[in-house]
Amino acid sequence: MSVAKKDYKRVTTKSLIEMKAHGEKISMLTAYDFTMAKIVDTAGVDVILVGDSASNVMAGHETTLPITLDQMIYHASSVVRATNRALVVVDLPFGSYQSDPKEALRSSIRIMKESGAHALKLEGGSEIKDSIKKILNAGIPVMGHLGLTPQSIYKFGSYTVRAKEEEEADKLIEDAKMLERVGCFGVVLEKIPAKLAQKVAESISIPVIGIGAGGGVDGQVLVIHDMLGMNNEFSPRFLRRYMNLYEGMTTAIGKYVEDVKSKDFPNEKEQY
Ligand code: KIV
């Protein structure tokens, strides 16, 4: 298939569907603050995800469960202010949509209104179908998230690969088709076998973005702190580190401490 690359002034949900149709892979990264989002946007990433992984990497929680709707809105509005080109997708946090469709819509409206985000992402399939439909009916674009869904970590019991067994794989395929049918503009597939992810990508026309789901999908997403090597404790097989910022930053900060202690900083030129 030929790869027709088009320069998008602002990436929209429609552009992503076009990219899939043209065989152009979609790049997606997380960001949670203004400065990082500006760098990610300038570098040409198509989609910025204000993920609830902020709960882990920004707040230091063990899981994504504690982050609140107000905190997600704070992160999302900082990211939206920084972007000119990327589509900004925001995670609905745990506890803000699971009770019923009305609660899901209320939370969605708050994120869209108070942060200026362009779209939302929700974890789950048939269990939350009515909530997804309610949000879509209000004109809010929705991205699904299947496979390893970290908000359900206490149900799964571990972060191991999902849908290795036929029953779970079949449900995942059905859920992905349902997400397309009801009108979602894309689906994230997290930590599932590459063959299954490719099969899903080939059986629906909306983009499938993978994380730990192999190369047969329509795009890739990573957590920015992981791919920049800011966190040296997390090294799953799917992660490619493009830098070792942990080392670079601790060396630079250590040098600063040394310079302050030795009175080398500030020098004559660095003062008024
Ligand atoms: O919260 C997040 O960062 C995510 C990605 C892992 C897809 O949902």
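What you see is a predicted model, and the numbers here were worked out from it, not measured in a lab. (Residues numbered from 1 in each chain as written. Predicted model: local features only at pLDDT ≥ 70, side-chain atom pairs only at ≥ 80, totals over all residues. Heavy atoms only, no water.)

## Quick notes on the overall build of the protein chain
A count of helices and strands for the protein chain gives eleven helices and eight strands. Against the 2.2 N^0.38 benchmark of 19 Å for 272 residues, the protein chain shows a C-alpha radius of gyration of 20 Å, consistent with a compact globule. The C-alpha extent of the protein chain, read off along each of the three principal axes, is 65 × 45 × 35 Å. Put simply, the protein chain has 272 residues, and 49% of those count as buried. Sequence-distant contacts in the protein chain: of pairs separated by 6 or more residues, those separated by 24 or more amount to 56%. On the protein chain, roughly 14300 Å² of surface is accessible, and the fraction owed to carbon and sulfur atoms is 53%. Where the 34 positive side-chain charges of the protein chain centre and where its 35 negative ones centre are 4 Å apart. (Helix = DSSP H or I, 4+ residues; strand = E, 2+ residues; numbered from the N terminus. Rg over C-alpha atoms; globule rule 2.2 N^0.38 Å. Buried < 20%, exposed > 50% of the residue type's maximum accessible area, 1.4 Å probe, protein only. Contact = heavy atoms within 4.5 Å. Areas by Shrake-Rupley, 256 points an atom, 1.4 Å probe, with all protein chains shown as cover. Lys, Arg positive; Asp, Glu negative; His and termini not counted. Charge placed at Lys NZ, Arg CZ, Asp CG, Glu CD.)

## Structural notes on helix α6 (residues 129-137)
Of all the positions in α6, only Ser131, Ile132, Ile135 and Leu136 are classed as buried. All buried residues of α6 lie within an arc of 135° about the axis, which places them on one face of the element. With respect to the buried face of α6, the exposed residues turned more than 90 degrees away are Asp130 and Asn137. Taken together, the buried residues of α6 touch α5 (101-115), β4 (119-123), β5 (142-147) and α8 (166-182). Of the residues trailing α6, Gly139 is marked for its positive phi of about 85°. (Arc of directions from axis to C-beta.)

## Overview of the nonpolar core
One recurring pattern in soluble globular proteins is that nonpolar side chains are buried together. The biggest cluster of nonpolar side chains holds 64 residues, and the ones touching the most others in it are Val90, Leu189 and Val200. With seven residues, helix α4 (residues 69-82) is the single largest residue contributor to this core. Not counting residues within four places of it along the chain, the set of residues in contact with Val90 comprises Val50, Met72, Ala76, Ile111, Ala117, Ala119, Leu120 and Lys121. Counting 17 residues, the second largest nonpolar core, distinct from the first, contains Tyr8, Val11, Leu87 and Ile209. (Core = buried A, V, L, I, M, F, W, Y, C linked by side-chain atoms within 4.5 Å.)

## Brief notes about the site of the ligand
Inspection of the region around the ligand gives Thr30, Leu49, Gly51, Asp52, Ser53, Asp91, Lys121, His145, Val188, Glu190, Ile211 and Val223 as its neighbouring residues. In this structure, an oxygen atom belonging to the ligand sits 2.5 Å away from a side-chain N or O atom of Ser53. In the complex, 95% of the free accessible area of the ligand, which totals 260 Å², lies under the protein chains. Residues that form the shell around the ligand fall into these classes: four nonpolar, four polar and four charged. (Near = heavy atom within 4 Å. Polar contact = N/O pair within 3.5 Å; in protein donor to acceptor, adjacent residues only side chain to side chain. Nonpolar A, V, L, I, M, F, W, Y, C, P; charged D, E, K, R; others polar.)

## A short note on the UniProt feature "binding site: 3-methyl-2-oxobutanoate" (unreviewed entry) in the protein chain
Under the present numbering, the feature "binding site: 3-methyl-2-oxobutanoate" (unreviewed entry) in UniProt falls on Asp52, Ser53, Asp91 and Lys121. In terms of the greatest pairwise C-alpha distance, the residues named above, spread along 70 residues, form a tight cluster of at most 12.5 Å across. Inspection of the secondary structure assignment puts Asp91 in strand β3 (residues 87-91). Not counting residues within four places of it along the chain, the set of residues in contact with Asp91 comprises Leu49, Val50, Gly51, Asp52, Met72, Ile111 and Lys121. Along the chain, Lys121 turns up in strand β4. For Lys121, the residues in contact, after removing those within four places along its chain, are Leu49, Val89, Val90, Asp91, Leu92, Met143, Gly144, His145 and Val188. (UniProt positions renumbered as here; feature names shortened; annotations may be inferred.)

## Considerations on the side chain of Ser107
Inspection of the secondary structure puts Ser107 in helix α5. Residues contacting Ser107, with those up to four places away along its chain left out, are Leu69, Leu92 and Ser96.

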